[in-house]
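A look at the structure
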Amino acid sequence: MKVDVLLGLQWGDEGKGKIVDVLTPHYDMVVRFQGGPNAGHTLEFDGQKVVLHTIPSGVFRENTINVIGNGVIIDPFIMLNKEVNQISAITEIKSKLYISEKAHLILPTHRLLDNANERFRGKNKIGSTLKGITPTYIDKTGRNGLRVGDLLLSNFQQKYNYLKNIHLRQIKSMDFDYSTALIDGLSFAEYELAWLQAAQELKSYHICATEYLLNKALEDGKKILAEGAQGTLLDIEFGSYPYVTSSNTIAAGVCSGLGIPPNRIGTVYGLFKAYCTRVGEGPFPTELFDDTGELLRTQGNEFGSTTGRPRRCGWLDLPLLKYACMLNGVTELIMMKADVLNSLKTLTVCTNYTYKGKIITEIPYDLSDDISPQYEHFKGWNNTIDINNIPAALTDYISFIEQYLNLKIKLVSVGRDRTQNIIL
Ligand code: IMP
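Every value quoted in this text rests on a predicted model; they were computed, and no experiment measured them.

Conventions adopted
Per chain, residues are indexed from 1 in the order of the written sequence. Under the rules for a predicted model, residues below a pLDDT of 70 receive no local features and side-chain atom pairs below 80 are neither given nor counted, while totals for whole chains, interfaces and linings still include all residues. With hydrogens and water stripped out, all remaining heavy atoms of the structure feed into the side-chain values. Secondary structure elements are taken from DSSP: a helix is a run of H or I of four residues or more, a strand is a run of E of two residues or more, and numbering for both begins at the N terminus. Throughout, a contact is declared for two residues whenever any of their heavy atoms are within 4.5 Å. In this entry, domain limits derive from an automatic or database-based domain assignment. As a working definition, buried area equals the accessible area (1.4 Å probe) given up by two parts on being put together, with both sides summed. Salt bridge, as used here: a side-chain nitrogen of Lys or Arg that lies within 4 Å of a carboxyl oxygen of Asp or Glu. Nitrogen and oxygen atoms within 3.5 Å of one another constitute a polar contact, given that in protein one can donate a hydrogen and the other can accept it, and given that sequence-neighbouring residues count only through two side-chain atoms. Think of it as three bins: nonpolar holds Ala, Val, Leu, Ile, Met, Phe, Trp, Tyr, Cys and Pro, charged holds Asp, Glu, Lys and Arg, and polar takes everything else, Gly as well. We call a residue near a molecule or strand when any one of its heavy atoms sits within 4 Å of it. A 1.4 Å probe and the Shrake-Rupley method give the accessible areas. Residues count as covered only by the protein chains that appear here. Only protein chains enter the calculation, and the probe is 1.4 Å; a residue is then buried if its accessible area is under 20% of its type maximum, exposed if over 50%, and partly exposed in between. We call a pair of cysteine sulfur atoms a disulfide when they lie within 2.5 Å. The criterion for strand pairing is that DSSP finds at least two bridges linking the strands in question. All axes here are fitted lines through C-alpha atoms, helices being fitted over the stretch that makes contact, and every angle between N-to-C directions spans 0 to 180 degrees.

1. What about the environment of T64?
One can find T64 in the loop between β4 (48-52) and β5 (65-68). Between the C-alpha atom of T64 and that of P25, which follows or precedes it by 39 residues, the distance is 7.9 Å. T64 has contacts with T24, Y27, D28, M29, V30, G58 and K96, leaving out every residue within four places of it along the chain.

2. A short note on the domain arrangement of the chain
Domains assigned within the chain are domain 1 (3-101 + 206-269), domain 2 (104-202) and domain 3 (272-423). Just the C-alpha atoms count here: the centres of domain 1 and domain 3 sit 24 Å apart. Here domain 1 and domain 3 share an interface that buries about 3,100 Å² over both sides, 59% of which is from carbon and sulfur atoms. The partner of R418 in a salt bridge is D21, and the shortest N-O contact between them spans 2.7 Å. Applying the counting rule to domain 1 against domain 3 returns 20 residue pairs in polar contact (both at pLDDT 80 or more). Of all the elements in the fold, those that place two or more residues in the side of domain 1 that touches domain 3 are α1 (16-23), β3 (41-45) and β13 (265-273). Taken together, the residues of the side of domain 1 that touches domain 3 sort by class into 17 nonpolar, 10 polar and seven charged.

3. Structural notes on the site of the ligand
Around the ligand sit 17 residues in total, of which N38, T129, T245, V279 and R309 are the nearest. D13 places a polar side-chain atom, nitrogen or oxygen, 3.1 Å from a nitrogen atom of the ligand. Here a nitrogen atom of the ligand and a side-chain polar atom of Q230 are 3.4 Å apart. When isolated, the ligand has an accessible area of 470 Å², and the protein chains bury 97% of it.

4. So, the pattern of salt bridges
Under the counting rule described, the total for this entry stands at 21 salt bridges. Close ionic contact of D13 with R311 constitutes a salt bridge, the shortest N to O distance being 3.3 Å. Taken together, the positions of D13 in the loop between β1 (3-8) and α1 and R311 in the loop between α9 (291-299) and β15 (312-314) put the pair 298 residues apart, joining distant regions of the chain. Given a relative accessible area of 22%, D13 falls into the partly exposed group. Overall, the relative accessible area of 6% leaves R311 in the buried class. One salt-bridge network, in which partners are shared between bridges, spans D13, K273, E302, R311 and K337.

5. With respect to the state of the cysteines
Structurally, a disulfide amounts to a covalent bond that connects the sulfur atoms of two cysteines. According to the stated counting rule, one finds zero disulfides in the structure shown. C313 carries a free sulfur, and the closest cysteine sulfur to it, the one in C276, is 9.5 Å from it. On the basis of relative accessible area, C313 is assigned to the buried category, the value being 1%. Cysteine C325 remains unbridged, with the sulfur of C276 as its closest cysteine sulfur at 12 Å.

6. As for the pairing of strand β18 (residues 346-355)
Burial analysis of β18 places eight of its 10 residues in the buried class, the great majority of the element. Relative to β18, strand β16 (residues 316-317) runs parallel, the two sharing two bridges. Of the residues in β18, the one forming a bridge with L316 is V349. Note: β18 against strand β20 (residues 371-379), nine bridges, orientation antiparallel. By the bridge assignment for β20, Y353 is matched with P373. Here β18 folds back onto strand β19 (residues 358-360) in antiparallel fashion, the turn holding two residues, of which K356 has a positive phi close to 50 degrees.

7. Considering the environment of E190
Here E190 lies in helix α6 (residues 188-202). Expressed as a C-alpha distance, the spacing of E190 and L218, which sit 28 residues apart in the sequence, is 43 Å.

8. Remarks on the sheet that holds strand β17 (residues 332-336)
Neighbouring strands of a sheet are bound in pairs by backbone hydrogen bonds; such pairs are parallel or else antiparallel. Spatial ordering of the open sheet is given by β11-β7-β5-β2-β12-β1-β13-β17-β21-β22, a layout of 10 strands whose pairing is mixed. Strand pairing shows two members of the sheet lacking a second neighbour, β11 (206-208) and β22 (421-423), which therefore form its edges. When strand polarity is set aside, the average angle formed by the axes of neighbouring strands in this sheet is 20 degrees. Here β5 pairs with strand β7 (residues 97-100) via three bridges, running parallel. By the bridge assignment, I68 is partnered in β7 with I99. Packing of α1 onto the sheet brings it into contact with β1, β2 (29-32), β12 (224-227), β13, β17, β21 (409-413) and β22, and relative to β1 it is tilted by some 155 degrees. Contacts between helix α11 (residues 392-405) and the sheet are confined to β13, β17, β21 and β22, with β17 contributing the most and set at about 140 degrees to the helix.

9. Some words on the side chain of E302
Relative to the elements of secondary structure, E302 occurs in the loop between α9 and β15. E302 gets classed as buried once you look at its relative accessible area, which sits at 0%. A polar contact is formed between the side chain of E302 and the side chain of K337, at a distance of 3.0 Å. Those residues in contact with E302 that lie beyond four places of it in its chain are K273, Y275, T277, L296, R297, R309, P310, R311, C313 and K337.

Structure representation (structure tokens):
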């Protein structure tokens, strides 16, 4: 069997949680391969809304095994106190969840460091979610990190104190006074205590070498869905660097983040919104600063599910989308939030850029350079969408995108509930 992959083709927040939840009945396992609690995957069903950060979105279906792979980074406090607490009110979780012993831990001091780094950058800040993502991945590649497997060692506390003290020295050198800083509303001392308790509790979960679990499952004919976090344009290699996250968000990250060989990758589902959003700093060529941008934000409820920050909104950018399809080897497209465009009479789409006096369709080295998007306009459907009688203007919009990308759109999401979809 193969691992199918579902990932975002824009700057994150494409609606991956909803679609993983829709696809889960077809899979035996749902697995996360990168990122951490910077992600916020929202699922809505039976009138309930749940936001997941680290735990895979397959957790609400009976008989689905969920795996947090080695490429993910885990904050035990967030995972247990924010996610597990929420999920446990709906379903039993422990028996369905496996955690890689090689996944790195986000320490309380990683969160302080994230904060200190952002302040140090001043106007050049990245707009991080302040969940400690970058400092944790720096410690991973710098070979200083602590992993989930370390929790099971007798000298864990010693290792923890050693790394914490390195971090505190770094923080001091940046003139950051952490004595007054709050982490999730708690002082550092309070947060650290709660974190250490959560870290102890994490030991009661299934912690194992998930690469064996997953490869054996494939040998046994099990179907696996890998759930991406963030989006392609936030990838550390190919995103709008340096305004990116610190992991490989693209399909290539599935192999290193799970221990799956490349020849085991199957279908790649690429998700994109019918328009574009971005949260945090960094270039966004088709960003709208007018009433239409505001309308997309309110109609689409475009506020970060992890941080609550308003998302920047703009028109669909096809050159960027094509780039993302190429990098990921997308085989099937899924268009999200088409209903957000319901009230628009005219739709606008970027089809190429002008850069240094020339028309280009490839993405330039620096997206913040002086590039001007060139647009084409379409008639809007300007009505609510009846999924049994798709408006002609929506069909035209879909066909244009399919032709541009040379790929088929298999599903169009037209609402937040798991049932509100057009299957094409
Ligand atoms: P970090 O991953 O918290 O370091 O944030 C780096 C950049 O990625 C910032 O611009 C964040 O707003 C953005 N980002 C991180 N995670 C997500 C996500 O799940 N959705 C959308 N943007 C994200």
